[in-house]
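Here is what each chain is made of, one letter per residue.
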Amino acid sequence: MLCDVYRSSRKADTYIYLPHGEDFSELPDALVQSFGKAEKILTINLTTREQLARLSVKELTERLDNNGFYLQLPPKQEDISC
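What counts and what doesn't
- All residue numbers here refer to positions counted from 1 along the written sequence of the relevant chain.
- In keeping with the model being predicted, local features are shown solely for residues with a pLDDT of at least 70 and side-chain atom pairs are shown and tallied solely at 80 or more, while totals for entire chains, interfaces and linings include all residues.
- Note: side-chain values were computed over all heavy atoms of the structure, leaving out hydrogens and water.
- By definition, any uninterrupted DSSP run of H or I lasting at least four residues is a helix, any uninterrupted run of E lasting at least two residues is a strand, and each is numbered from the N terminus.
- Burial here depends on accessible area, computed with a 1.4 Å probe over protein chains only, as a share of the maximum for the residue type. Under 20% is buried, over 50% is exposed, and the range in between is partly exposed.
- Any pair of residues with heavy atoms lying within 4.5 Å of one another is described as a contacting pair.
- Neither His nor the chain ends contribute to the count of charged residues, in which Lys and Arg are positive and Asp and Glu negative.
- In plain terms, the charge of a residue is placed at NZ if it is Lys, CZ if Arg, CG if Asp and CD if Glu.
- For this analysis, a ring pair means two rings from Phe, Tyr or Trp (six-membered ring only for Trp) whose centres lie within 6.5 Å, classed as stacked if their planes differ by under 30 degrees, edge-to-face if by over 60, and tilted for the remaining angles.
- By this definition, two strands are paired if DSSP reports at least two bridges between them.
- Definition of nonpolar core: a set of buried residues of the types Ala, Val, Leu, Ile, Met, Phe, Trp, Tyr and Cys, connected through side-chain atoms within 4.5 Å.

S.K.: Sorry, what's going on with the overall build of the protein chain here?
M.R.: Along the backbone of the protein chain there are 2 helices and 4 strands. In sequence order, the secondary structure elements of the protein chain are arranged as β-β-α-β-α-β. Dimensions of the protein chain along its principal axes, counting C-alpha atoms only, are 45 × 30 × 20 Å. Burial status across the protein chain gives 33% buried among its 82 residues. In the protein chain, 55% of the contacts between residues at least 6 apart in sequence involve partners at least 24 apart. On the protein chain, the mean spot of the 10 positive side-chain charges and the mean spot of the 13 negative ones are 4 Å from each other.

S.K.: Explanation requested: the packing of aromatic side chains in the structure shown.
M.R.: Aromatic ring pairs are defined here through the distance separating the ring centres and the angle between the ring planes. Summed over the entire model, instances satisfying the criterion amount to 3 aromatic pairs. Centroid distance Tyr 17 to Tyr 70: 5.6 Å. Interplanar angle 50 degrees. Geometry classified as tilted. Highlighted residues: Tyr 17 in strand β2 (residues 15-19) and Tyr 70 in strand β4 (residues 70-72), separated in sequence by 53 residues. What makes Tyr 70 buried here is its relative accessible area of 11%. Among the aromatic residues, those joined into a ring-pair cluster are Tyr 6, Phe 24 and Phe 35.

S.K.: Sorry if this is basic, but what is going on with the pairing of strand β1 (residues 2-8) here?
M.R.: Side chains on a regular strand alternate between the two faces of the sheet. Taken across its 7 residues, β1 has 5 buried, putting it largely inside the fold. Where β1 lies against strand β3 (residues 38-45), 7 bridges are found, and the strand directions are antiparallel. In the sheet register, Cys 3 faces β3, and the bridge partner there is Ile 44. Counted along the chain from β1 to the antiparallel partner β2, the turn is 6 residues long, and its residue Asp 13 has a positive phi close to 55 degrees.

S.K.: What exactly am I supposed to notice about the nonpolar core here?
M.R.: A general trend in soluble globular proteins is that nonpolar side chains are found buried together. Ranked by size, the top nonpolar core spans 12 residues in total: Cys 3, Val 5, Tyr 15, Tyr 17, Ile 44, Leu 46, Leu 52, Leu 55, Val 57, Leu 60, Leu 64 and Tyr 70. Of all the secondary-structure elements, those providing two or more residues to this core are β1, β2 and α2 (57-67). Filtering out sequence-adjacent residues up to four positions away, Leu 60 remains in contact with Cys 3, Tyr 17, Leu 46, Leu 52, Leu 55 and Tyr 70. Listed in part, the 8 residues of the second largest apolar core include Tyr 6, Phe 24, Leu 27 and Phe 69.

Structure representation (structure tokens):
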């Protein structure tokens, strides 16, 4: 399975994963509006991987099958102030 990854123009470290060839404009309007301009940054062959940076290929595939997309938000920053 191929998967396209798009970067948000509005939110740093925010990405949307879609099945290869799916239309970005088919996503919910609120998500498209808050995501901003989507820049396709790569296509991943999921059959050649087991793990991605923040989730397993199995988890990603399930989310793509169930929701039609996966939204990856930036990791939460820990407050290290004293």
